[in-house]
Amino acid sequence: MNRAIDQALRERALKVIPNGMYGHESVRLLPASFPQFFSKGEGAYIWDADGNRYLDFMCAYGPSLLGYRHPQVDAAARAQLEKGDTLTGPGPVMVELAETLVGMIDHADWVMFCKNGTDATTMAMSTARAQTGKRVVLVAQGAYHGAAPWCTPIPAGVVAEDRAHIRTYIYNDCASLEQAVAAAGDDLAAIFAAPFRHDAFTDQELPDPAYAKLARALCDRTGAKLIVDEVRAGFRLARGSSWDALGVQPDLSAWGKCFANGHPISMLAGAESCREGAGSIYATGSFWLSAVPMAAAIETLRIIRETDYLEHSVRLGDALRAGLAEAATRHGFTLRQSGPVQMPQILFADDPDFRIGYAWVEELLARGIYMHPWHNMFLCAAMTEGDIDMALAAADEAFAAVRARIDTLEPHPVLVAMAAMLEHHD
Ligand SMILES: *Cc1c(COP(=O)(O)O)cnc(C)c1O
(Lines give C-alpha, C1' and ligand atoms only; values in the text may rest on other atoms or scores of the structure.)
Protein backbone atom coordinates (compact mmCIF):
# COMPACT_ATOMS: atom_id res chain seq x y z
CA MET A 1 0.00 0.00 0.00
CA ASN A 2 1.32 3.41 -0.93
CA ARG A 3 1.92 5.68 2.07
CA ALA A 4 3.97 8.47 0.47
CA ILE A 5 1.51 11.24 1.25
CA ASP A 6 0.98 10.06 4.83
CA GLN A 7 4.74 9.90 5.31
CA ALA A 8 5.22 13.43 3.98
CA LEU A 9 2.44 14.74 6.23
CA ARG A 10 4.03 13.08 9.24
CA GLU A 11 7.36 14.72 8.50
CA ARG A 12 5.72 18.14 8.21
CA ALA A 13 3.62 17.50 11.33
CA LEU A 14 6.69 16.59 13.40
CA LYS A 15 7.95 20.14 12.91
CA VAL A 16 4.74 21.93 13.93
CA ILE A 17 2.86 19.51 16.23
CA PRO A 18 4.49 17.90 19.33
CA ASN A 19 5.42 14.32 18.38
CA GLY A 20 3.60 14.90 15.10
CA MET A 21 0.33 13.96 16.83
CA TYR A 22 -1.04 13.59 20.35
CA GLY A 23 -3.78 11.82 22.21
CA HIS A 24 -5.91 8.85 21.27
CA GLU A 25 -5.59 9.24 17.51
CA SER A 26 -1.80 9.21 17.52
CA VAL A 27 -0.52 6.10 15.73
CA ARG A 28 2.51 5.90 18.01
CA LEU A 29 0.94 2.90 19.76
CA LEU A 30 -0.27 1.22 16.58
CA PRO A 31 1.62 -1.06 14.18
CA ALA A 32 4.11 0.71 11.93
CA SER A 33 2.00 0.34 8.77
CA PHE A 34 -1.04 2.18 10.20
CA PRO A 35 -1.69 5.52 8.47
CA GLN A 36 -1.89 8.64 10.63
CA PHE A 37 -3.97 10.87 8.36
CA PHE A 38 -7.36 10.27 6.76
CA SER A 39 -8.86 12.36 4.03
CA LYS A 40 -12.39 11.04 3.70
CA GLY A 41 -15.17 9.01 5.28
CA GLU A 42 -18.36 7.65 3.75
CA GLY A 43 -20.76 5.24 5.44
CA ALA A 44 -18.72 2.48 7.06
CA TYR A 45 -15.50 3.35 5.18
CA ILE A 46 -12.54 5.67 5.64
CA TRP A 47 -9.83 6.66 3.16
CA ASP A 48 -6.31 7.47 4.27
CA ALA A 49 -4.43 10.47 2.89
CA ASP A 50 -2.97 8.29 0.12
CA GLY A 51 -6.45 7.20 -0.98
CA ASN A 52 -6.42 3.65 0.44
CA ARG A 53 -9.88 2.58 1.57
CA TYR A 54 -10.67 0.68 4.79
CA LEU A 55 -13.79 -0.79 6.38
CA ASP A 56 -13.58 1.11 9.69
CA PHE A 57 -14.18 -0.77 12.93
CA MET A 58 -13.16 2.26 15.05
CA CYS A 59 -15.93 4.64 13.95
CA ALA A 60 -13.74 7.63 14.87
CA TYR A 61 -13.28 6.00 18.32
CA GLY A 62 -17.03 6.17 18.87
CA PRO A 63 -18.64 9.20 17.24
CA SER A 64 -19.82 7.47 14.05
CA LEU A 65 -23.01 5.65 15.05
CA LEU A 66 -24.90 5.64 11.75
CA GLY A 67 -21.93 5.94 9.37
CA TYR A 68 -19.91 8.87 8.08
CA ARG A 69 -21.63 11.63 6.11
CA HIS A 70 -25.07 10.36 7.00
CA PRO A 71 -27.35 12.07 4.44
CA GLN A 72 -30.19 13.05 6.79
CA VAL A 73 -28.01 14.05 9.73
CA ASP A 74 -25.70 16.11 7.57
CA ALA A 75 -28.62 17.72 5.74
CA ALA A 76 -30.01 18.88 9.11
CA ALA A 77 -26.57 20.23 10.01
CA ARG A 78 -26.22 22.04 6.67
CA ALA A 79 -29.68 23.59 6.98
CA GLN A 80 -28.74 25.00 10.38
CA LEU A 81 -25.35 26.17 9.06
CA GLU A 82 -27.17 28.25 6.46
CA LYS A 83 -28.84 30.12 9.34
CA GLY A 84 -25.93 30.36 11.77
CA ASP A 85 -23.88 28.25 14.13
CA THR A 86 -22.03 29.98 16.98
CA LEU A 87 -23.94 33.18 17.73
CA THR A 88 -24.29 35.60 20.64
CA GLY A 89 -26.92 33.32 22.15
CA PRO A 90 -28.05 29.72 21.60
CA GLY A 91 -30.57 28.83 18.91
CA PRO A 92 -34.11 27.51 19.36
CA VAL A 93 -32.64 24.07 18.58
CA MET A 94 -31.11 24.04 22.07
CA VAL A 95 -34.51 23.87 23.75
CA GLU A 96 -35.84 21.34 21.26
CA LEU A 97 -32.79 19.13 21.76
CA ALA A 98 -33.01 19.39 25.57
CA GLU A 99 -36.72 18.42 25.46
CA THR A 100 -35.91 15.51 23.16
CA LEU A 101 -33.21 14.13 25.46
CA VAL A 102 -35.24 14.59 28.65
CA GLY A 103 -37.95 12.63 26.86
CA MET A 104 -35.60 9.77 25.94
CA ILE A 105 -33.50 9.37 29.12
CA ASP A 106 -35.60 8.25 32.09
CA HIS A 107 -33.53 9.75 34.91
CA ALA A 108 -32.96 13.04 33.06
CA ASP A 109 -35.05 16.01 34.18
CA TRP A 110 -32.58 18.48 32.65
CA VAL A 111 -29.49 18.54 30.43
CA MET A 112 -26.52 20.87 29.89
CA PHE A 113 -24.65 20.83 26.59
CA CYS A 114 -20.91 21.01 26.11
CA LYS A 115 -18.38 19.85 23.52
CA ASN A 116 -16.36 16.87 24.69
CA GLY A 117 -16.94 13.92 26.96
CA THR A 118 -14.34 15.33 29.36
CA ASP A 119 -16.43 18.50 29.71
CA ALA A 120 -19.45 16.39 30.64
CA THR A 121 -17.68 14.09 33.13
CA THR A 122 -15.93 17.05 34.75
CA MET A 123 -19.22 18.93 35.02
CA ALA A 124 -20.81 15.81 36.52
CA MET A 125 -18.14 15.77 39.21
CA SER A 126 -18.53 19.50 39.96
CA THR A 127 -22.32 19.21 40.02
CA ALA A 128 -22.19 16.30 42.49
CA ARG A 129 -19.80 18.23 44.73
CA ALA A 130 -21.84 21.42 44.50
CA GLN A 131 -25.05 19.55 45.25
CA THR A 132 -23.70 17.52 48.19
CA GLY A 133 -21.10 19.89 49.62
CA LYS A 134 -18.76 16.87 49.83
CA ARG A 135 -15.42 16.17 48.17
CA VAL A 136 -14.56 12.50 47.59
CA VAL A 137 -15.24 11.01 44.16
CA LEU A 138 -14.87 7.27 43.53
CA VAL A 139 -13.85 5.99 40.10
CA ALA A 140 -13.22 2.42 38.95
CA GLN A 141 -9.54 1.58 38.65
CA GLY A 142 -8.40 1.82 35.02
CA ALA A 143 -11.65 3.42 33.82
CA TYR A 144 -11.35 6.24 31.29
CA HIS A 145 -13.34 9.40 32.05
CA GLY A 146 -11.41 11.89 29.92
CA ALA A 147 -8.23 13.90 29.56
CA ALA A 148 -8.48 16.49 32.37
CA PRO A 149 -5.94 16.44 35.23
CA TRP A 150 -8.40 14.74 37.61
CA CYS A 151 -8.86 11.76 35.28
CA THR A 152 -6.18 11.51 32.56
CA PRO A 153 -4.45 8.12 32.48
CA ILE A 154 -1.08 9.70 31.68
CA PRO A 155 0.62 11.33 34.68
CA ALA A 156 2.64 13.99 32.82
CA GLY A 157 1.65 17.49 33.89
CA VAL A 158 -0.56 16.30 36.74
CA VAL A 159 0.15 17.04 40.41
CA ALA A 160 -1.11 15.00 43.33
CA GLU A 161 -3.40 17.83 44.42
CA ASP A 162 -5.35 17.53 41.17
CA ARG A 163 -6.49 14.14 42.41
CA ALA A 164 -6.58 14.83 46.12
CA HIS A 165 -10.12 13.51 46.53
CA ILE A 166 -10.28 11.04 43.65
CA ARG A 167 -10.16 7.46 44.91
CA THR A 168 -10.55 4.11 43.21
CA TYR A 169 -12.49 0.88 43.57
CA ILE A 170 -12.59 -2.18 41.34
CA TYR A 171 -15.39 -2.34 38.74
CA ASN A 172 -17.93 -5.10 39.47
CA ASP A 173 -16.29 -5.78 42.86
CA CYS A 174 -18.89 -5.11 45.54
CA ALA A 175 -16.48 -5.52 48.45
CA SER A 176 -14.02 -3.01 47.04
CA LEU A 177 -16.82 -0.51 46.39
CA GLU A 178 -18.14 -0.90 49.96
CA GLN A 179 -14.62 -0.42 51.33
CA ALA A 180 -14.03 2.71 49.27
CA VAL A 181 -17.37 4.17 50.36
CA ALA A 182 -16.64 3.38 54.01
CA ALA A 183 -13.19 4.98 53.74
CA ALA A 184 -14.76 8.17 52.39
CA GLY A 185 -16.64 8.57 55.68
CA ASP A 186 -19.13 11.41 55.49
CA ASP A 187 -17.25 13.17 52.66
CA LEU A 188 -18.50 11.15 49.65
CA ALA A 189 -19.77 13.28 46.76
CA ALA A 190 -20.09 10.76 43.94
CA ILE A 191 -19.50 7.29 42.54
CA PHE A 192 -18.58 7.10 38.85
CA ALA A 193 -19.37 3.98 36.83
CA ALA A 194 -19.22 3.15 33.14
CA PRO A 195 -22.26 1.25 31.76
CA PHE A 196 -19.91 -1.72 31.32
CA ARG A 197 -16.18 -2.10 31.82
CA HIS A 198 -14.53 -0.99 28.60
CA ASP A 199 -10.95 -0.34 29.64
CA ALA A 200 -8.17 -0.45 27.06
CA PHE A 201 -5.70 -3.38 26.87
CA THR A 202 -8.03 -5.80 28.63
CA ASP A 203 -11.20 -7.83 28.30
CA GLN A 204 -14.46 -5.95 28.62
CA GLU A 205 -16.89 -6.89 31.40
CA LEU A 206 -20.63 -6.48 31.47
CA PRO A 207 -21.92 -4.98 34.72
CA ASP A 208 -22.89 -7.36 37.49
CA PRO A 209 -26.43 -6.23 38.42
CA ALA A 210 -25.52 -6.67 42.09
CA TYR A 211 -22.69 -4.13 41.67
CA ALA A 212 -24.90 -1.59 39.89
CA LYS A 213 -27.63 -1.95 42.53
CA LEU A 214 -25.07 -1.68 45.33
CA ALA A 215 -23.67 1.55 43.84
CA ARG A 216 -27.22 2.94 43.81
CA ALA A 217 -27.91 1.79 47.39
CA LEU A 218 -24.64 3.21 48.71
CA CYS A 219 -25.41 6.57 47.13
CA ASP A 220 -28.92 6.50 48.61
CA ARG A 221 -27.50 5.69 52.04
CA THR A 222 -24.76 8.33 52.02
CA GLY A 223 -26.43 11.06 49.96
CA ALA A 224 -23.71 10.79 47.30
CA LYS A 225 -24.60 11.02 43.60
CA LEU A 226 -24.36 8.07 41.20
CA ILE A 227 -22.79 9.15 37.90
CA VAL A 228 -22.91 6.84 34.88
CA ASP A 229 -20.35 7.75 32.20
CA GLU A 230 -22.27 7.03 28.99
CA VAL A 231 -19.79 8.90 26.77
CA ARG A 232 -18.65 5.74 24.97
CA ALA A 233 -21.58 3.34 25.35
CA GLY A 234 -24.56 5.70 25.33
CA PHE A 235 -27.13 4.88 22.60
CA ARG A 236 -25.04 1.88 21.52
CA LEU A 237 -26.68 -0.44 24.06
CA ALA A 238 -30.13 1.13 24.38
CA ARG A 239 -32.23 4.06 23.19
CA GLY A 240 -32.03 5.58 26.64
CA SER A 241 -29.94 5.14 29.77
CA SER A 242 -27.77 1.99 29.55
CA TRP A 243 -28.58 0.87 33.11
CA ASP A 244 -32.37 0.90 32.55
CA ALA A 245 -31.89 -2.76 31.69
CA LEU A 246 -30.59 -3.34 35.24
CA GLY A 247 -33.31 -1.27 36.87
CA VAL A 248 -30.75 1.26 38.12
CA GLN A 249 -31.23 4.99 37.58
CA PRO A 250 -28.22 7.26 38.08
CA ASP A 251 -28.51 10.82 39.39
CA LEU A 252 -26.21 12.17 36.69
CA SER A 253 -25.00 10.85 33.35
CA ALA A 254 -22.35 12.12 30.94
CA TRP A 255 -22.89 11.68 27.18
CA GLY A 256 -20.86 12.47 24.10
CA LYS A 257 -19.27 10.90 21.06
CA CYS A 258 -22.16 9.56 18.97
CA PHE A 259 -25.46 11.29 19.73
CA ALA A 260 -24.96 13.79 16.88
CA ASN A 261 -23.30 11.13 14.70
CA GLY A 262 -19.90 12.80 14.66
CA HIS A 263 -20.89 16.42 15.06
CA PRO A 264 -19.17 17.93 18.10
CA ILE A 265 -21.49 17.96 21.10
CA SER A 266 -21.65 16.32 24.51
CA MET A 267 -23.89 16.78 27.54
CA LEU A 268 -24.51 16.26 31.19
CA ALA A 269 -27.96 14.89 32.03
CA GLY A 270 -29.34 14.92 35.54
CA ALA A 271 -32.22 14.21 37.87
CA GLU A 272 -34.26 16.82 39.74
CA SER A 273 -32.16 16.07 42.85
CA CYS A 274 -29.09 17.60 41.14
CA ARG A 275 -30.70 20.56 39.37
CA GLU A 276 -29.68 23.06 42.02
CA GLY A 277 -26.06 21.92 42.08
CA ALA A 278 -25.89 21.98 38.28
CA GLY A 279 -27.35 25.46 38.24
CA SER A 280 -24.78 26.72 40.72
CA ILE A 281 -21.55 25.78 38.92
CA TYR A 282 -20.01 28.02 36.29
CA ALA A 283 -20.16 25.91 33.16
CA THR A 284 -19.57 27.28 29.70
CA GLY A 285 -17.38 27.34 26.61
CA SER A 286 -17.19 29.49 23.49
CA PHE A 287 -18.46 26.68 21.27
CA TRP A 288 -20.72 24.79 23.68
CA LEU A 289 -23.89 26.40 22.37
CA SER A 290 -23.21 26.04 18.62
CA ALA A 291 -26.44 25.29 16.82
CA VAL A 292 -25.16 23.05 14.01
CA PRO A 293 -24.27 20.06 16.20
CA MET A 294 -27.58 20.50 18.04
CA ALA A 295 -29.51 20.27 14.78
CA ALA A 296 -27.46 17.19 13.87
CA ALA A 297 -28.23 15.68 17.29
CA ILE A 298 -31.99 16.20 16.91
CA GLU A 299 -31.90 14.30 13.61
CA THR A 300 -29.61 11.56 14.94
CA LEU A 301 -31.91 11.03 17.93
CA ARG A 302 -34.92 10.80 15.59
CA ILE A 303 -33.13 8.04 13.68
CA ILE A 304 -32.22 6.36 16.98
CA ARG A 305 -35.91 6.31 17.97
CA GLU A 306 -37.39 5.38 14.60
CA THR A 307 -35.01 2.86 13.00
CA ASP A 308 -33.53 -0.55 13.83
CA TYR A 309 -29.96 0.86 13.83
CA LEU A 310 -29.30 -0.88 17.15
CA GLU A 311 -30.73 -4.30 16.32
CA HIS A 312 -28.92 -4.15 12.95
CA SER A 313 -25.59 -3.46 14.66
CA VAL A 314 -26.16 -6.30 17.11
CA ARG A 315 -27.02 -8.70 14.26
CA LEU A 316 -23.82 -7.81 12.42
CA GLY A 317 -21.82 -7.93 15.64
CA ASP A 318 -23.10 -11.43 16.37
CA ALA A 319 -22.10 -12.58 12.88
CA LEU A 320 -18.65 -11.00 13.23
CA ARG A 321 -18.03 -12.57 16.64
CA ALA A 322 -19.13 -16.05 15.60
CA GLY A 323 -17.24 -15.91 12.29
CA LEU A 324 -14.01 -14.70 13.90
CA ALA A 325 -14.15 -17.35 16.61
CA GLU A 326 -14.60 -20.06 14.00
CA ALA A 327 -11.80 -18.77 11.74
CA ALA A 328 -9.40 -18.34 14.68
CA THR A 329 -9.95 -21.90 15.79
CA ARG A 330 -9.33 -23.15 12.29
CA HIS A 331 -5.90 -21.50 12.36
CA GLY A 332 -5.05 -22.67 15.87
CA PHE A 333 -5.69 -19.36 17.66
CA THR A 334 -7.99 -18.63 20.59
CA LEU A 335 -9.59 -15.20 20.59
CA ARG A 336 -10.76 -13.34 23.69
CA GLN A 337 -13.83 -11.54 22.36
CA SER A 338 -15.60 -9.57 25.07
CA GLY A 339 -18.22 -6.92 25.68
CA PRO A 340 -21.35 -6.19 23.68
CA VAL A 341 -20.98 -7.51 20.10
CA GLN A 342 -21.59 -4.03 18.66
CA MET A 343 -18.65 -2.71 20.76
CA PRO A 344 -16.24 -5.62 20.48
CA GLN A 345 -12.90 -6.00 22.19
CA ILE A 346 -10.83 -8.59 20.30
CA LEU A 347 -7.65 -9.87 21.96
CA PHE A 348 -5.67 -13.08 21.54
CA ALA A 349 -5.26 -15.66 24.28
CA ASP A 350 -1.61 -16.26 25.22
CA ASP A 351 -0.55 -12.90 23.82
CA PRO A 352 0.63 -11.01 26.93
CA ASP A 353 2.61 -8.36 25.00
CA PHE A 354 0.04 -8.13 22.16
CA ARG A 355 2.52 -9.18 19.46
CA ILE A 356 0.05 -11.58 17.83
CA GLY A 357 -2.74 -9.00 17.93
CA TYR A 358 -0.50 -6.35 16.40
CA ALA A 359 0.53 -8.65 13.57
CA TRP A 360 -3.08 -9.66 12.93
CA VAL A 361 -4.47 -6.12 12.66
CA GLU A 362 -1.55 -5.23 10.41
CA GLU A 363 -2.49 -8.11 8.09
CA LEU A 364 -6.12 -6.94 8.22
CA LEU A 365 -5.11 -3.39 7.37
CA ALA A 366 -3.25 -4.62 4.29
CA ARG A 367 -6.56 -6.23 3.25
CA GLY A 368 -8.62 -3.07 3.72
CA ILE A 369 -9.96 -3.68 7.25
CA TYR A 370 -9.16 -1.20 10.02
CA MET A 371 -9.19 -2.87 13.45
CA HIS A 372 -7.47 -1.96 16.70
CA PRO A 373 -5.10 -4.21 18.65
CA TRP A 374 -6.09 -3.21 22.20
CA HIS A 375 -8.97 -0.69 22.25
CA ASN A 376 -12.62 -1.67 22.04
CA MET A 377 -14.08 -1.22 18.58
CA PHE A 378 -17.46 -0.11 17.25
CA LEU A 379 -19.86 -1.25 14.56
CA CYS A 380 -21.91 1.42 12.82
CA ALA A 381 -25.36 1.11 11.32
CA ALA A 382 -24.00 1.74 7.81
CA MET A 383 -22.22 -1.62 7.82
CA THR A 384 -23.84 -4.42 5.84
CA GLU A 385 -23.76 -8.20 5.92
CA GLY A 386 -21.50 -7.98 2.86
CA ASP A 387 -19.06 -5.84 4.84
CA ILE A 388 -18.96 -8.41 7.64
CA ASP A 389 -18.42 -11.21 5.10
CA MET A 390 -15.55 -9.23 3.61
CA ALA A 391 -14.04 -8.65 7.06
CA LEU A 392 -14.31 -12.36 7.85
CA ALA A 393 -12.65 -13.35 4.57
CA ALA A 394 -9.81 -10.91 5.29
CA ALA A 395 -9.57 -12.18 8.87
CA ASP A 396 -9.21 -15.73 7.63
CA GLU A 397 -6.27 -14.74 5.41
CA ALA A 398 -4.81 -12.61 8.21
CA PHE A 399 -4.85 -15.53 10.67
CA ALA A 400 -3.03 -17.67 8.07
CA ALA A 401 -0.46 -14.95 7.40
CA VAL A 402 0.24 -14.47 11.12
CA ARG A 403 0.48 -18.22 11.63
CA ALA A 404 3.10 -18.37 8.87
CA ARG A 405 5.34 -15.79 10.59
CA ILE A 406 4.46 -16.47 14.23
CA ASP A 407 8.05 -17.22 15.27
CA THR A 408 9.38 -13.90 14.00
CA LEU A 409 6.92 -11.57 15.80
CA GLU A 410 8.24 -8.88 18.14
CA PRO A 411 6.40 -6.77 20.75
CA HIS A 412 5.75 -3.12 19.91
CA PRO A 413 8.47 -1.06 21.65
CA VAL A 414 6.38 2.04 22.48
CA LEU A 415 3.56 -0.14 23.79
CA VAL A 416 5.91 -1.98 26.13
CA ALA A 417 7.19 1.31 27.58
CA MET A 418 3.66 2.70 27.89
CA ALA A 419 2.27 -0.41 29.57
CA ALA A 420 5.02 -0.23 32.19
CA MET A 421 4.19 3.42 32.88
CA LEU A 422 0.44 2.79 33.16
CA GLU A 423 1.05 -0.05 35.59
CA HIS A 424 2.87 2.26 37.95
CA HIS A 425 0.33 5.03 37.75
CA ASP A 426 -2.95 5.11 39.60
C1 LIG B 1 -14.10 9.27 25.17
C2 LIG B 1 -14.55 9.15 26.58
C3 LIG B 1 -14.54 10.24 27.45
C4 LIG B 1 -13.96 11.57 27.05
O5 LIG B 1 -14.61 12.10 25.95
P6 LIG B 1 -13.85 13.19 25.06
O7 LIG B 1 -14.87 13.63 24.09
O8 LIG B 1 -12.71 12.48 24.41
O9 LIG B 1 -13.39 14.27 25.98
C10 LIG B 1 -15.05 10.08 28.72
N11 LIG B 1 -15.53 8.90 29.12
C12 LIG B 1 -15.56 7.82 28.33
C13 LIG B 1 -16.14 6.55 28.84
C14 LIG B 1 -15.05 7.90 27.04
O15 LIG B 1 -15.05 6.82 26.25
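Everything numeric in this text was worked out from a predicted model, so none of it was measured.

**Looking at the overall build of the protein**
At step 1: Across its full length, the protein holds 12 helices and 13 strands.
At step 2: The buried share of the protein, reckoned over its 426 residues, is 55%.
At step 3: Contacts spanning at least 24 positions in sequence make up 76% of the contacts within the protein whose residues lie at least 6 apart.
At step 4: Counting only carbon and sulfur atoms, one obtains 55% of the accessible surface of the protein, whose full area is about 18,000 Å².
At step 5: Distance from the positive charge centre (36 side chains) to the negative charge centre (52 side chains) of the protein: 2 Å.

**Describing the domain arrangement of the protein**
At step 1: According to the domain assignment, the protein consists of domain 1 (4-61 + 308-425) and domain 2 (71-306).
At step 2: On the side of domain 2, 24 residues touch domain 1, which itself brings 26 residues to the contact.
At step 3: Between domain 1 and domain 2, roughly 2,100 Å² of surface is buried when both sides are summed, and carbon and sulfur atoms account for 61% of that area.
At step 4: Counting across the interface, domain 1 meets domain 2 through 2 salt bridges.
At step 5: Summed over the shared surface of domain 1 and domain 2, the number is 10 residue pairs in polar contact (both at pLDDT 80 or more).

**Quick word on the sheet that holds strand E8 (residues 225-229)**
What holds strands together in a sheet is hydrogen bonding between their backbones, with the strands either parallel or antiparallel.
At step 1: One open sheet holds the 7 strands; their spatial order is E4-E10-E9-E8-E7-E5-E6, and the pairing between them is mixed. Of all the strands in the sheet, just strand E4 (110-114) and strand E6 (166-169) have a single pairing partner and so form its edges. Going from strand to strand, the sheet's axes swing by 20 degrees on average, the running direction of each strand aside.
At step 2: Bridge count for strand E5 (residues 136-140) against E6 is 4 bridges, and the pairing is parallel. Within the sheet, the bridge partner assigned to Leu-138 lies in E6 and is Arg-167.

**Some points on the packing of helix H5 (residues 174-183) against helix H6 (residues 209-222)**
At step 1: Close contact between H5 and H6 brings their axes to 10 Å; oriented N to C, the two are set at 15 degrees. In this view, H5 runs roughly parallel relative to H6, as classed from their interaxial angle. The way H5 lies across H6 gives a crossing that is right-handed. Between H5 and H6, the residues in contact are Cys-174, Leu-177, Glu-178 and Val-181 and Ala-210, Tyr-211, Leu-214, Ala-215, Leu-218 and Thr-222, respectively.
At step 2: Residue composition of the contact of H5 with H6, grouped by class: 8 nonpolar, 1 polar and 1 charged.

Calculation rules
- Counting of residues starts from 1 at the beginning of each chain's written sequence and follows it residue by residue.
- Local features in this predicted model are restricted to residues whose pLDDT is 70 or higher, and side-chain atom pairs enter the listing and the counts only when it is 80 or higher, whereas totals over whole chains, interfaces and linings include all residues.
- Excluded from the side-chain calculation are hydrogens and water; included are all heavy atoms of the structure.
- Think of it this way: any DSSP run of H or I at least four residues long counts as a helix, any run of E at least two long counts as a strand, and we number them from the N terminus.
- Residue burial is assigned from relative accessible area. The probe radius is 1.4 Å, only protein chains are included, and a residue is buried under 20% of its type maximum, exposed over 50%, and partly exposed in between.
- We call two residues in contact when some of their heavy atoms are within 4.5 Å.
- Per-residue and other accessible areas follow the Shrake-Rupley method at a 1.4 Å probe size, with only the shown protein chains counted as cover for residues.
- This count recognises Lys and Arg as positive and Asp and Glu as negative, with His and chain-terminal groups excluded.
- For this purpose, a charge sits on NZ of Lys, CZ of Arg, CG of Asp or CD of Glu.
- Start and end positions for the domains come from either an automated domain assignment or a database one.
- Accessible area that two parts lose when put together, evaluated with a 1.4 Å probe and summed over both, is termed the buried area.
- Here, a salt bridge means any side-chain nitrogen of Lys or Arg that lies within 4 Å of a carboxyl oxygen of Asp or Glu.
- Under the rule applied, a polar contact is a pair of N or O atoms within 3.5 Å (in protein, one hydrogen donor and one hydrogen acceptor; residues adjacent in sequence only if both atoms are side-chain atoms).
- Paired strands, in this sense, are two strands between which DSSP finds at least two bridges.
- For helices, the fitted line uses only the C-alpha atoms of the stretch in contact; every axis is such a line through C-alpha atoms, and the angle between N-to-C directions lies from 0 to 180 degrees.
- Working rule for angles: under 35 degrees goes down as roughly parallel, over 145 as roughly antiparallel, 65 to 115 as roughly perpendicular, anything else as oblique.
- In a left-handed crossing the near helix is turned counterclockwise from the far helix by less than a right angle, and in a right-handed crossing that turn is clockwise.
- Asp, Glu, Lys and Arg are counted as charged, while Ala, Val, Leu, Ile, Met, Phe, Trp, Tyr, Cys and Pro are counted as nonpolar; the rest, among them Gly, fall into the polar class.

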